[in-house]
Amino acid sequence: MVRFKNRYVLCEVVSEDPRCRQCIEDRTLGLAVRDAIARVHGDYGLACCSISFTVKYLNAYTGTVLLRCRKDSYRLLCSALPFVRSLETRAQRYPCFLNTLHVGGTIRTCQKFLIQYNRTQLLRLLQNCTNEEERQCVQKSLLNCSLTEEQSQSGDEEEDDGTE
Amino acid sequence: FLTVCFPVGYSAVALNHVIDFKEKKQEIIKPVSPSELFPSLPIVQGTSKRIKVLTRLTLVVSDPSHCNLLRSTSANIRLYDIIAVFPKTEKLFHIACTTLDVDLVCINVTEKLPFYFRRPPVNMAIDRGIYFELLYTPAIKDSTMRRYTISNAISLMQICKGKNIVISSAAERPLELRGPYDVANLGLLFGLSESEAKAAVSTNCRATMLHGETRKSACGVVYTVKKPRKVEEEETVVPACKKAKTQA
């Protein structure tokens, strides 16, 4: 069967500055990643990886990013991700780093992983909760998330609201 | 600093203290106990155990007389969990691999190596359970350092075939840290195969910790694992021998 096989890389943007997450855009992130690939692998690497390279999904609240690239060049991409040092938006430069969570062949597998990961993150937040209202909010989100077919999208959204 | 590495997924962290012998004679100070620095250690993501914080000493040696410090019975050395040595000349590299009582041998990444690795000392180090350490933070910061890092790392790989490698960060700021999956991908750049790169981050580090514990306590470590049937068989203790055979 002739089909283009892609790899979807799930990352998380970690930064000290809380404002950094709010002004992430897919274009700036794409540029930052391409720049890192060019620095590490040169022109050849940049050309190989940008055949089918896009930022598929971006969540500004949790800093979750889903990148797509070809299966033949996903190793070049993954090995260049640690070299992303900062994100530049308009005139600001925010130092940050990308933490790779999962590499999958389809968006659906990455989504399943993301739902589980968000669940564990919610549990961790629950332990750090200081306010009683926050605690109740987080607990409600935990009880609400489920993995049924039509609700999988909304389950993702609810957890994202809980983590803000 | 450590608040950043907790969510990233590390389960043990070592705080490094560097001693350079080019300056005047320095006393080895007592390591700062981790409980003084952090009142409460957070919990590792995914498990219910707390993060372990170890203390580590790095000796920068450029002269054989500096090694006498290791043999001296200074009480403070025993308090450190992991001891690493950073040899600057070929002779010292040979001594470090064969006779010195250390856990890690640091490989310089910031400038071109003045000596080439040879196979006999490297093989002896592998037999003794000593690991070679590569740093990755200079590679993230600077482009010329990146070239030296990769060339030194690949020359090391060609000699030791990828065994006994530990990749660690000498991060001074929390943003220079990278997650374990990313560090394993960096290992691919250094010439390791995929399984070796993952091992360089996980099992080899654990073996180094056990080696350090071995050095601190008696001379051998045996880990007993409960088997469902006969438990008495596991209780036999290996007699004390200098070569630390660790069981992960």
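Everything quoted here is computed from the prediction, not taken from an experiment. (Residues numbered from 1 in each chain as written. Chains lettered and ligands numbered in written order. Predicted model: local features only at pLDDT ≥ 70, side-chain atom pairs only at ≥ 80, totals over all residues. Heavy atoms only, no water.)

The next point concerns the overall build of chain B. Looking only at helices and strands, one finds 11 helices and six strands in chain B. When each of the 248 residues of chain B is scored for burial, the buried share is 44%. Across chain B, contacts joining residues at least 24 apart in sequence account for 76% of those joining residues at least 6 apart. Only carbon and sulfur atoms are counted for the fraction: they give 57% of the accessible area of chain B, which is about 13300 Å². (Helix = DSSP H or I, 4+ residues; strand = E, 2+ residues; numbered from the N terminus. Buried < 20%, exposed > 50% of the residue type's maximum accessible area, 1.4 Å probe, protein only. Contact = heavy atoms within 4.5 Å. Areas by Shrake-Rupley, 256 points an atom, 1.4 Å probe, with all protein chains shown as cover.)

What follows is about the interface of chain A and chain B. The interface of chain A with chain B comprises 23 residues on the first partner and 20 residues on the second. Carbon and sulfur atoms supply 60% of the area buried between chain A and chain B, which totals about 2000 Å² over both sides. Looking at the side of chain A facing chain B, the largest losses of area belong to Pro82, Phe83 and Phe97 of chain A, adding up to 30% of the total buried there. Here chain A and chain B share one salt bridge between them. When the shortest N-O distance is used, the salt bridge between Arg75 of chain A and Glu194 of chain B registers 2.5 Å. For the pair chain A and chain B, the interface holds two residue pairs in polar contact (both at pLDDT 80 or more). Where the side of chain A that touches chain B is concerned, the elements lending two or more residues are strand S1 (6-15), helix H2 (26-49), helix H3 (74-80), strand S5 (92-104) and helix H4 (107-128) of chain A. Residue contributions to the side of chain A that touches chain B peak at seven residues, all from S5 of chain A. (Buried area = accessible area lost by both parts, 1.4 Å probe. Salt bridge = Lys/Arg side-chain N within 4 Å of Asp/Glu carboxyl O. Polar contact = N/O pair within 3.5 Å; in protein donor to acceptor, adjacent residues only side chain to side chain.)

Moving on: the environment of Leu92 of chain B. Residue and element names in this part refer to chain B. As for its position among the elements, Leu92 is in helix H5 (residues 90-98). Under the relative-accessibility criterion, Leu92 is labelled buried at 3%. Residues Leu92 and Asp63, spaced 29 residues apart in sequence, show a C-alpha to C-alpha distance of 7.5 Å.

Residue and element names in this part refer to chain A. Taken domain by domain, chain A comprises domain 1 (1-105) and domain 2 (107-150). The distance between the C-alpha centroids of domain 1 and domain 2 comes to 25 Å. Facing the 11 residues of domain 1 at the interface are seven residues of domain 2. Considering only the surface of domain 1 that becomes buried against domain 2, Leu10, Leu101 and His102 emerge as the three largest contributors, covering 47% of it. On inspection of domain 1 and its partner domain 2, the count reaches zero salt bridges. Taken together, the connections running from domain 1 to domain 2 amount to one residue pair in polar contact (both at pLDDT 80 or more). (Domains from an automatic or database assignment.)

Residues of helix H9 (residues 180-189) of chain B that are buried include every one of Asp182, Val183, Ala184, Asn185, Leu186 and Gly187 of chain B, and no others. Residues of H9 of chain B that are buried make contact with H3 and S5 of chain A together with strand S6 (165-168) and helix H10 (194-201) of chain B.

Right, let's talk about helix H8 (residues 143-160) of chain B for a bit. Spanning 18 residues, H8 of chain B covers 26 Å between terminal C-alpha atoms, matching the ideal 26 Å at 1.5 Å per step. All of the buried residues along H8 of chain B are Arg146, Thr149, Asn152, Ala153, Leu156, Met157, Ile159 and Cys160 of chain B. The buried residues of H8 of chain B occupy an angular sector of 160° when the element is viewed end-on, so they sit on one face. Exposed residues lying more than 90 degrees from the buried face of H8 of chain B are Arg147 and Gln158 of chain B. Packed against the buried residues of H8 of chain B are H2 of chain A together with helix H6 (119-128), strand S5 (131-135), helix H7 (137-141) and S6 of chain B. Immediately beyond the C-terminal end of H8 of chain B, within one or two residues, lies Lys161 of chain B, with a positive phi of roughly 60°. (Expected span 1.5 Å × (residues − 1). Arc of directions from axis to C-beta.)

Turning our attention to the packing of aromatic side chains. Residue and element names in this part refer to chain A. If you walk through the whole model with that rule in mind, you get two aromatic pairs over all chains. Here Phe113 and Tyr117 contribute two aromatic rings whose centre-to-centre distance is 6.1 Å and whose plane-to-plane angle is 15°, an arrangement assigned as stacked. Placement of the pair is Phe113 and Tyr117 together in helix H4, with a separation of four residues, close to one helical turn. By relative accessible area, Tyr117 is classed as buried at 12%. One Lys or Arg, Arg7, reaches over the ring of Tyr74 and ends 5.7 Å from the middle of that ring. Against the face of Phe4 rests Arg70, its NZ or CZ located 4.2 Å from the ring centre. (Phe/Tyr/Trp six-rings, centres within 6.5 Å; stacked < 30°, edge-to-face > 60°. Lys NZ or Arg CZ within 6 Å of the ring centre and 35° of its normal.)

Turning to unusual backbone geometry, a few remarks are in order. The backbone phi angle of Lys161 of chain B is positive, close to 60°, even though this residue is not glycine. Backbone geometry places Asn164 of chain B, a non-glycine residue, at a positive phi of 55°.

All names here are of chain A. Scanning all chains against the criterion turns up four salt bridges over all chains. Among the ionic pairs, Asp35 bridges to Arg39, the shortest N-O distance being 3.7 Å. One end of the pair is Asp35 and the other is Arg39, both in helix H2 and four residues apart, which spans about a single turn.

Right, let's get into the confidence of the model for chain A. All names here are of chain A. Within chain A, residue pLDDT values average 78, and 85% of them lie at 70 or more. Mean pLDDT across the secondary structure elements of chain A bottoms out at helix H6 (residues 152-162), with 41, and peaks at strand S3 (residues 64-70), with 90. Segment residues 147-164: pLDDT under 50, and 31 contacts once partners within four positions in sequence are set aside and those in other chains are kept. (pLDDT = per-residue confidence, 0-100.)

All names here are of chain B. Summarising burial for S5: four of the five residues are buried, a large majority. Looking at chain direction, strand S4 (residues 104-106) and S5 are connected through three bridges and run parallel. Counterpart to Cys106 in the pairing with S5 is Glu133. (Pairing = 2+ DSSP bridges.)

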